[in-house]
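Now for the letters of each chain:
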Amino acid sequence: MSAAGKSPSRIGESVAQIGACGLFLFQVLAAVPKSLRHFAETVRQIWFVGAMSLVIIMTCGLFVGMVLGLQLYYVLSIFGGTAALGTVVSLSLYRELGPVVTALLFAGRAGTSITAEIGLMRATDQLSAMEMMAVDPLAYVAAPRFLAGIVAMPLLACVFNALGIFGAHLVGVNWLGLDNGTFWSNMTSSVDVWKDVVNGVWKSVAFGAVVSLIAVFQGYTTPPTSEGVAYATTRTVVFSSIVVLALDFVMTAFLM
Amino acid sequence: MIDAKPLPSDDALVQVRGLRTVLNGKTIFDGIDLDIPRGKVTAIMGPSGTGKTTLLRHVTGQLAPDAGTIHVDGRNVPALSRDALFALREKIGFLFQNSALLTDFSVFENVAFPLRQHLKLPEELVRNIVLTKLQAVGLRGAAGLMPSELSGGMARRVALARAIIRDPMLILYDEPFVGLDPIALNQVLKLIRTLNDTLGITSILVAHEFAAVARAADLVYLIAGGKVVARGTPDELAHDDSPWTKQFFGGEADGPVPFQYPARDYALDLGFPAAMHMAGAL
């Protein structure tokens with residue numbers, strides 16, 4: 001078949017996938033009230049996708065902050081504006097880098113494990129077994145993981161931001177000799193809680209919902225084969241990354 | 001030839017009428033009727049790919065048929081709402097071919113899972129019920145193990161304990177003997193018969209092993225080609241001389257069920273010039 005012949009069906013498949021994902025979102029949302037009966041499972045998932053992701057989030061946050069500190073110190077020193085280092089670093093982290101990089105890391109760390117776990121549950125008939133025990137897998141498996149992503153992502157982004165600022169402080173103040181008081185006072189006077197911090201939190205909530213929805217959907221609908229699970233985990237990372245970056249642009253345009 | 005039509009029965013827990021199923025363009029069932037009598041072990045047998053597991057999926061509402069009715073305890077399963085279906089499933093136990101134990105939970109928690117999800121019972125009572133069921137399948141001592149630490153036969157017995165934890169009215173066994181050594185097979189076989197007799201459960205058993213089925217089942221349906229081709233007690237079917245029963249129970253390679261999957265001419269596939277020339281001439 002020619003490439004031209006393939007493209008309409010691929011576009012059709014993509015549109016069908018988006019439609020199926022949208023319908024799946026409604027099914028998961030409808031199952032949320034029932035999932036509150038399994039609240040312990042939701043807490044377990046928050047621990048699994050949140051607490052278990054802390055090491056990678058903290059490490060990456062620290063290094064991103066250190067790189068930001070180093071790069072921005074160099075650029076700002078050209079204009080004699082190194083005093084603004086704390087301000088620029090914190091605004092970059094709160095408004096963009098914190099939510100976006102955390103979401104990308106979350107997709108790679110927690111999203112893939114959610115997809116693989118649910119995909120293997122599908123392949124080994126565990127979801128069917130739940131259905132046969134009159135336990136709705138949407139309420140017991142899908143909804144808790146979806147909610148866990150929404151809860152964990154903003155918390156992880158806050159940790160990422162804190163470690164990022166700490167990393168920039170290490171480089172700017174402890175290593176390059178910027179005044180400690182200047183670093184903090186410029187930052188606190190320039191960062192607006194509602195416009196910068198809260199808007200970043202809203203972004204994190206949205207990214208958490210999108211990434212966990214994609215991860216759960218891919219796992220839930222994967223063909224029950226080893227190849228199917230492998231493709232599904234790959235799709236989780238690829239689709240999540242694209243959607244997060246696209247959604248970031250849309251949200252930035254509306255929240256500016 | 002034994003009468004393939006279901007006998008009229010007012011005491012059937014499961015009644016299937018005019019069941020027609022087409023999956024991926026292939027007709028699986030072409031208008032079959034069958035009755036599963038209450039309190040009996042009924043075996044569903046047939047060649048691989050004939051739709052035995054599909055039939056179980058129809059009975060439990062996991063798959064909707066293209067036509068026909070499936071009444072379980074008087075309720076037409078395909079017409080039930082999701083909530084009504086889940087209410088019915090609370091009275092049905094299902095033993096999956098691969099056991100389908102929840103891998104994150106211990107044996108104890110797997111067996112306790114349906115109780116914890118549906119009933120608010122004191123922990124002491126949950127413990128007693130779970131240990132009673134595990135004792136019945138001989139695995140009380142394995143309560144603390146994880147599914148990954150179990151052999152195939154043990155996993156099957158844990159799944160059986162989970163299936164009977166709420167004393168169901170109907171249990172469906174999907175190929176419970178596959179992959180079991182003779183000792184485990186005998187244990188599972190004995191359990192199926194004992195549970196059925198002592199708890200008064202109705203059982204549907206999908207299996208290929210006629211020797212095992214003959215020891216456990218009261219009634220056997222032989223399905224092939226989308227139809228019920230034979231029905232009777234194991235003894236009746238063992239002495240039946242129809243081509244279907246002779247091939248299936250006699251283990252003959254060829255017969256009504258062909259050994260070869262449909263294909264084009266063998267000589268043509270091998271590229272023999274004479275055959276290709278003849279095909280071209282034709």
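Keep in mind that this is a model prediction, so the values were computed, not measured. Sequence order as written defines residue numbering, which begins from 1 separately in each chain. Each chain takes a letter, starting from A, and each ligand takes a number, starting from 1, following the order in which they are written. Given that this is a predicted model, residues contribute local features only at a pLDDT of at least 70 and side-chain atom pairs are listed and counted only at 80 or more, while totals for whole chains, interfaces and linings are drawn from all residues.

(A) View of the overall build of chain A. Helix numbering and strand numbering both begin at the N terminus, where a helix is a DSSP run of H or I of at least 4 residues and a strand a DSSP run of E of at least 2. Within chain A one finds nine helices and zero strands. Traced from its N-terminal end to its C-terminal end, chain A shows the element sequence α-α-α-α-α-α-α-α-α. The principal-axis extents of the C-alpha atoms in chain A amount to approximately 65 × 50 × 30 Å. Using C-beta atoms placed from the backbone, we call a residue buried if 20 or more other C-beta atoms fall within 10 Å of its own, exposed if 12 or fewer do, and partly exposed for counts in between. Classification of the 256 residues of chain A by burial places 44% in the buried group.

(B) Representation of the overall build of chain B within the structure. Scanning chain B from N- to C-terminus turns up eleven helices and ten strands. Oriented by its inertia axes, the alpha-carbon framework of chain B measures out at about 80 × 45 × 40 Å. Looking at the 282 residues of chain B, the share that counts as buried comes to 38%.

(C) Examining the confidence of the model for chain A more closely. Summary of the metric used: pLDDT quantifies the predictor's per-residue confidence within the range 0 to 100. Per-residue confidence for chain A gives a mean pLDDT of 92, with 97% of residues at or over 70. Each residue gets a C-beta atom placed from its backbone, and two residues are in contact if those atoms lie within 7 Å. This model gives residues 1-5 of chain A a pLDDT under 50, and the stretch forms one contact once residues within four places in sequence are excluded.

(D) Seen up close, the interface of chain B and chain A. Every contact between the two is made by 14 residues of chain B and, on the other side, ten residues of chain A. If you list the elements that add at least two residues to the side of chain B that touches chain A, you get α2 (82-89) and α3 (107-118) of chain B. Here the side of chain B that touches chain A is built from residues that sort into seven nonpolar, five polar and two charged. Classification convention: Asp, Glu, Lys, Arg as charged; Ala, Val, Leu, Ile, Met, Phe, Trp, Tyr, Cys, Pro as nonpolar; all other residues, Gly among them, as polar.

(E) Broad picture of helix α3 (residues 54-78) of chain A. Residues and elements named next belong to chain A. For a helix, the expected span equals 1.5 Å multiplied by the number of residues minus one. End to end, α3 covers 36 Å across 25 residues, agreeing with the expected 36 Å (1.5 Å per residue, within 8%). Looking at the buried residues of α3, the elements they touch are α4 (85-123) and α6 (137-175). Positive backbone phi, at 70°, marks G80, one or two positions downstream of α3.

(F) Focus on the packing of α3(B) against helix α4 (residues 123-136) of chain B. Residue and element names in this part refer to chain B. Note on method: axes are straight lines fitted to C-alpha atoms, helices fitted across the in-contact stretch only, with angles between N-to-C directions ranging 0 to 180 degrees. At a closest axis distance of 10 Å, the pairing of α3 and α4 adopts a crossing angle of 125°. Judged on the interaxial angle alone, α4 and α3 are oblique. The two elements α3 and α4 cross, and the hand of that crossing is right-handed. Contacts between α3 and α4 involve F108, V111, A112, L115 and R116 from the former and V126, I129, V130, K133 and L134 from the latter. Residues that form the contact of α3 with α4 fall into these classes: eight nonpolar, no polar and two charged. Roughly parallel refers to an angle under 35 degrees, roughly antiparallel to one over 145, roughly perpendicular to one between 65 and 115, and oblique to any angle outside these ranges. By definition, turning the near helix anticlockwise from the far helix through less than a right angle yields a left-handed crossing, and turning it clockwise yields a right-handed one.

(G) Structural view of helix α1 (residues 52-59) of chain B. Residues and elements named next belong to chain B. Burial within α1 is extensive, with six of its eight residues counted as buried. All buried positions along α1 are accounted for by K52, L55, L56, R57, H58 and V59. Along its buried surface, α1 packs onto β1 (12-23), β3 (41-45), β4 (67-72), β7 (170-174), β8 (202-206) and β9 (219-224). Just past α1, the residue G61 takes up positive phi, approximately 75°.

(H) Up close: the pairing of β1(B). Residues and elements named next belong to chain B. DSSP calls a pair of strands paired once it identifies at least 2 bridges connecting them. Alignment of β1 against strand β2 (residues 26-37), held across nine bridges, turns out to be antiparallel. The partner of Q15 across the bridge, within β2, is D35. Between β1 and β2, which follow one another and run antiparallel, lie two residues, and N24 among them has a positive phi close to 50°. Taken together, the five bridges between β1 and β4 define a ladder with antiparallel strand orientation. Paired with R17 across the two strands is T69, which belongs to β4.

(I) Inspection of the sheet that holds β1(B) at higher detail. All names here are of chain B. Across the sheet, which stays open at both edges, the four strands sit in the order β2-β1-β4-β5 with antiparallel pairing between neighbours. The open sheet has two edge strands, β2 and β5 (75-76), and neither has a second partner. Bridging between β4 and β5 involves two bridges; their strand directions are antiparallel. Bridge assignment links H71 to a residue of β5, and that residue is N76.

(J) Structural detail: the pairing of β3(B). Residues and elements named next belong to chain B. Most of β3 is tucked away, with five of its five residues classed as buried. Going residue by residue along β3, you find V41, A43 and M45 tucked away on one face and T42 and I44 tucked away on the opposite face as well. Both β3 and β8 contribute to a ladder of four bridges, which runs parallel. Bridge pairing in β8 places I44 opposite V206. Two elements, β3 and β9, share four bridges in a ladder whose sense is parallel. Counterpart to T42 in the pairing with β9 is L219.

(K) Representation of the confidence of the model for chain B. Of all residues in chain B, 92% have pLDDT values of 70 or greater, and the mean over the chain is 86. Confidence metrics for the complex model read pTM 0.84 and ipTM 0.82.

(L) The sheet that holds β7(B), seen in detail. Residue and element names in this part refer to chain B. With mixed pairing, six strands are arranged side by side in an open sheet as β6-β7-β8-β3-β9-β10. Strand pairing shows two members of the sheet lacking a second neighbour, β6 (92-95) and β10 (227-232), which therefore form its edges. Strand-to-strand, the axes of this sheet are offset by a mean angle of 15°, without reference to chain direction.

(M) View of the environment of V151(A). Residues and elements named next belong to chain A. In this structure, V151 sits in helix α6. Taking the number of C-beta atoms within 10 Å as the measure of exposure, V151 has 18 and is therefore partly exposed. When the C-alpha atoms of V151 and I46 are compared, they prove to be 7.1 Å apart, with 105 residues separating the residues in sequence.

(N) Representation of the packing of α4(A) against α6(A) in the model. Residue and element names in this part refer to chain A. The N-to-C vectors of α4 and α6 enclose an angle of 145°; their axes lie 7 Å apart at closest approach. The two elements α4 and α6 meet at a crossing, and its hand is right-handed. Its residues assigned to classes, the contact of α4 with α6 shows 18 nonpolar, six polar and one charged.

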